[in-house]
Structures are given as C-alpha cells and as structure tokens.
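Listed below are the residues making up each chain.
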Amino acid sequence: MMKRWQFVKRLAPLMAMMVLVLAACGREDLSTLNPQGPVAEEQFGLMKLAILIMGLVIVVVFAISFYVIIRFRRRPGDKTIPKQVEGSHKLEIIWTVIPIILLIILAVPTVQSVFNLAKDYRDDPDAVKVIVTSHQYWWEFEYPELGIKTAQELVIPTGKTISIEAKTADVLHSFWIPSLAGKIDTNPGGNVNFMYFSAPKEGVYLGKCAELCGPSHGLMDFKVKSVNPASFERWAAALQEPVALPSDPAIAAAFESKCLTCHAVGDMGGPAFPNLTGIGSRESVGGILVNVDADDKKYNHEDTVYNNLYKWIKDPGAVKPGNLMVDQYDLTDKEIEGIAKYLSELTLDYE
Ligand code: CUA
C-alpha cells in the first residue's frame, strides 16, 4: 500500500505539467485545437481519432498491467515458477492483429484526407486565387485575378475557397494559419506548392512562419482577415485607387526618396517590398506590432497605429532583427513623425 502511494506521488508533478501544457494549447487563435474552417476541422478530426485510439490503447494496456502486477504478484513463501507463455500462438496472434486493426482504422480516414486536402483549386473559377510569396521576414499576397498586391494581411471573403500558390523570394519558410489550415512550405529553387482553405466566419486569424528562416523567424507573423464578400469587393476596389503623397512637401519628398524606392503605395513606388496601401487599417505594423490598444483592447486606434509605425520606422532592427529595412535610410525625427502620421492615416474604408 505504501509503495503504491509513493508511485502516485511521483506521478503527480508529471500530470500537473501535462495539464498546464495542454491548457496552453487552447489559448488565443494560434491553435489547431479550435478549428475555424472546414480544412482545419478535417485535420482536427484526424487528430481526435488518433488521440482517441492512442488513449484507448494506453487505458487498456495500463489496466491489464496493473491487474497483472497486483493479481500475480509474488506472495510470501511462494517459490513456484508461474506458468510460462513463451511461444504461445494464441497470444502472439492477438497482440499482432489488434494493432493492425487499429492502424487500419487510423489509416483509412487519414489517406482519404490526404487526397482530399491535396485538391487543386487553382483552375476553379469560383475560388479566390492568391499567390503567397514569403520573404525574410514578411508575407506578400498577390491576387492575380484582381491585379492587386498587399502584405502582412491576407484579406479573404467568407465562405469562398481560397486557392493558395506558395513560393519564396529567398529561403525556406512555411505558411501556416493554425485555426484555418495546416502548413505548406515555400521552398527555394523555383518550387511552387499549393493548398486551399476557407473561413466560413468573419474574423481575424493569426498566421505564422513555421520553418526556421533566420533571426526574426519567430516574428514572421501575419493575419488572415475574413470579411463578408461585399466588404471584400470594396477592399479590392479601394486597393486600386490612387493614393496622394503626404501634404507637407518636405515629408512628401522624404517619403518619395527614402521609402518609395522600395515600398509601393497606390500606383507609386517599387513593387519589390511590402505594399503599404491601406497600412493604417491593418491589424499590425510589420506583422508583429499589433495595433491593439493596451487599455481598451480596441484595434486600430489612430494613436496606437501611429506609435507602432513610429517605433518601426525609427528602428526596424530592434523590432525585427536582420530585416532588410535596417540601415537603408537616414531620416530626421521630424520626418519619421511626419511619415508615421501619413501612414497611420493611409486607411482603406471597406468594412
Ligand atoms: Cu520565415 Cu520562419
């Protein structure tokens, strides 16, 4: 009795740790355990099936073990050798056939899902096509049918199938929206991978880079914003509108000569680096400085967006070490303030 109690006492911290680890999984929207779309649901279904089977095996094996340990324990004064079962065909068949049956139960829906999730919607006229290009350390989203490009925030219409074509501009990254769909790698060497997903509900879903790609890998976040189809149309149209330069000529000159050499806004600037059109309405700056007010938890308050933009432009290397903006420009504090203000007001009205 004493020994069994000791055993439970030793097991307790392990159990407590498991509860903590499992509880942490359910937090926020970066969870595969809280699926928000059919693709994630299908994947979660497979996880549940696998966990159920494993749980069942654990329970049965432990129950039998405990029973045997207690029932057939050595009793005081007992010197006999127990009945030997080595080479028993009956037992060997039982413990071979049961795992085979369990594996078949697991394999059939898994293989089905593998083919189901590999469907190619790139030629489907009803699907919204998005070319995802990963960069160190940001995401580019191009809608080839709509002729628009954006960055960091993938806006999609609810209910529609989103057909993703994923590639990289530099190193290996992985495109992952845990609550909507499993990940897809973006491989160097001109390789293009595809996947699809959909979000039936309006909402904002957190995305992550899921392959170690450099010092800011862990900061390579993006958002998927699912809006109703009418809002999506408005967003796509608004993104094609021309954008005015800052009204202050000095700020406009600084913005043109220092920012637009790489970045694009409206129909101005270079196409190679994150398109800034509508950056004032995005949920984050640089994908990682979330535009949520610390006090009232409201998104996109003008001051929060401004503060994040200021912080980012002032020292991008402090926010995302190793990114390509580091040491690319020399701006006075007044110019940074002016540009941050201008960008924070560069909003798209579509919701
Ligand atoms: Cu990109 Cu990790």
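Numbers given to residues run from 1 along each chain, matching the order in which its sequence is written. A pLDDT threshold of at least 70 governs which residues receive local features in this predicted model, and a stricter bar of 80 or more applies before side-chain atom pairs are shown or counted, although totals over entire chains, interfaces and linings include all residues. With hydrogens and water set aside, each side-chain value is computed from the structure's full complement of heavy atoms.

Caption draft 1: Structural detail: the pattern of salt bridges. Salt bridges are identified by distance alone: a Lys or Arg side-chain nitrogen within 4 Å of an Asp or Glu carboxyl oxygen. In the structure shown here, the tally under the stated rule is eight salt bridges. The partner of K208 in a salt bridge is D221, and the shortest N-O contact between them spans 2.9 Å. Here K208, found in strand β9 (residues 203-209), pairs with D221, found in the loop between β9 and β10 (222-227); they are 13 residues apart in sequence, far enough to count as distant. For the residue pair K208 and D221, the accessibility class agrees, reading buried in each case. One network of salt bridges, with partners in common, ties together D120, R122 and E165. Secondary structure counts use DSSP, requiring at least four H or I residues in a row for a helix and at least two E residues in a row for a strand, with both numbered from the N terminus. Exposure categories follow from relative accessible area, calculated using a 1.4 Å probe and restricted to protein chains: below 20% of the type maximum is buried, above 50% is exposed, and the middle band is partly exposed.

Caption draft 2: Spotlight on the layout of surface pockets. Size it by volume and the largest pocket reaches roughly 500 Å³. Of all the secondary-structure elements, those providing two or more residues to the lining of the largest pocket are α5 (249-259), α6 (302-314) and α8 (333-344). Here the lining of the largest pocket gets three residues from one element, more than from any other, and that element is α6. For the lining of the largest pocket, the class distribution of residues is 18 nonpolar, seven polar and three charged. What counts as a domain boundary in this text is fixed by an automatic or database domain assignment. Domain assignment of the residues forming the lining of the largest pocket places at least three in each of domain 1 (128-227) and domain 2 (249-344). Only protein atoms enter the calculation, which uses a 1 Å grid: trapped sets of points that fit a 1.4 Å probe without letting it out are cavities, open sets showing protein on both sides within 12 Å along at least five of seven lines are pockets, and any residue with an atom within 4 Å of a point is a lining residue. Grid points are joined across faces, edges and corners, and a volume is the space filled by probe spheres set on the points. Gly is placed with the polar residues, together with every amino acid not listed as nonpolar (Ala, Val, Leu, Ile, Met, Phe, Trp, Tyr, Cys and Pro) or charged (Asp, Glu, Lys and Arg).

Caption draft 3: Highlighting the pairing of β10. Burial analysis of β10 places six of its six residues in the buried class, which makes it a mostly covered element. The two faces of β10 match: F222, V224 and S226 on one face and K223, K225 and V227 on the other face are all buried. A pair of strands is labelled paired if DSSP reports no fewer than 2 bridges between them. Examined bridge by bridge, strand β4 (residues 153-157) and β10 share five bridges and lie parallel to one another. If you follow P157 over to β10, its bridge partner there is V227. Relative to β10, β9 is paired through five bridges, and the arrangement is antiparallel. Paired with G203 across the two strands is S226, which belongs to β10.

Caption draft 4: Geometry of the sheet that holds strand β5 (residues 162-168). Taken in spatial order, the five strands make up an open sheet running β3-β2-β1-β5-β8, and their pairing is mixed. Every interior strand has two partners, whereas the edge strands, β3 (148-151) and β8 (193-197), have only one. For this sheet, the mean angle separating the axes of adjacent strands, direction not counted, is 25°. In this structure, β5 lies alongside β8, joined through five bridges in antiparallel fashion. For I162, the partnering residue across the bridge sits in β8 and is F197. An axis is simply a line fitted to the C-alpha atoms; with a helix, the fit covers only the stretch in contact. Between two such axes, the angle follows the N-to-C directions and lies from 0 to 180 degrees.

Caption draft 5: Fine view of the packing of helix α2 (residues 38-71) against helix α3 (residues 89-117). Two elements in contact, α2 and α3, have axes whose closest approach is 11 Å; the angle formed by their N-to-C orientations is 170°. Taken together, the axis directions place α2 and α3 in an arrangement best described as roughly antiparallel. From α2, V39, E42, Q43, L46, L49, A50, I53 and V57 reach across to α3, where they touch L102, I105, L106, P109, T110, S113, N116 and L117. Classifying every residue of the contact of α2 with α3 by side-chain character gives 11 nonpolar, four polar and one charged. Orientation is classified from the angle alone, with under 35 degrees giving roughly parallel, over 145 giving roughly antiparallel, 65 to 115 giving roughly perpendicular, and any other angle giving oblique. Contacts are assigned to residue pairs that have any heavy atoms within 4.5 Å of one another.

Caption draft 6: Representation of empty space enclosed by the protein. Here the structure, examined in full by the defined rule, presents one cavity of 30 Å³ or more. In this structure, the largest cavity encloses a volume near 70 Å³. Together, T150, E153, V155, W235, T277, G278, S281, R282, L348 and Y350 line the largest cavity. Split by residue class, the lining of the largest cavity holds four nonpolar, four polar and two charged. Looking at which domains feed residues into the lining of the largest cavity, each of domain 1 (128-227) and domain 2 (249-344) gives three or more.

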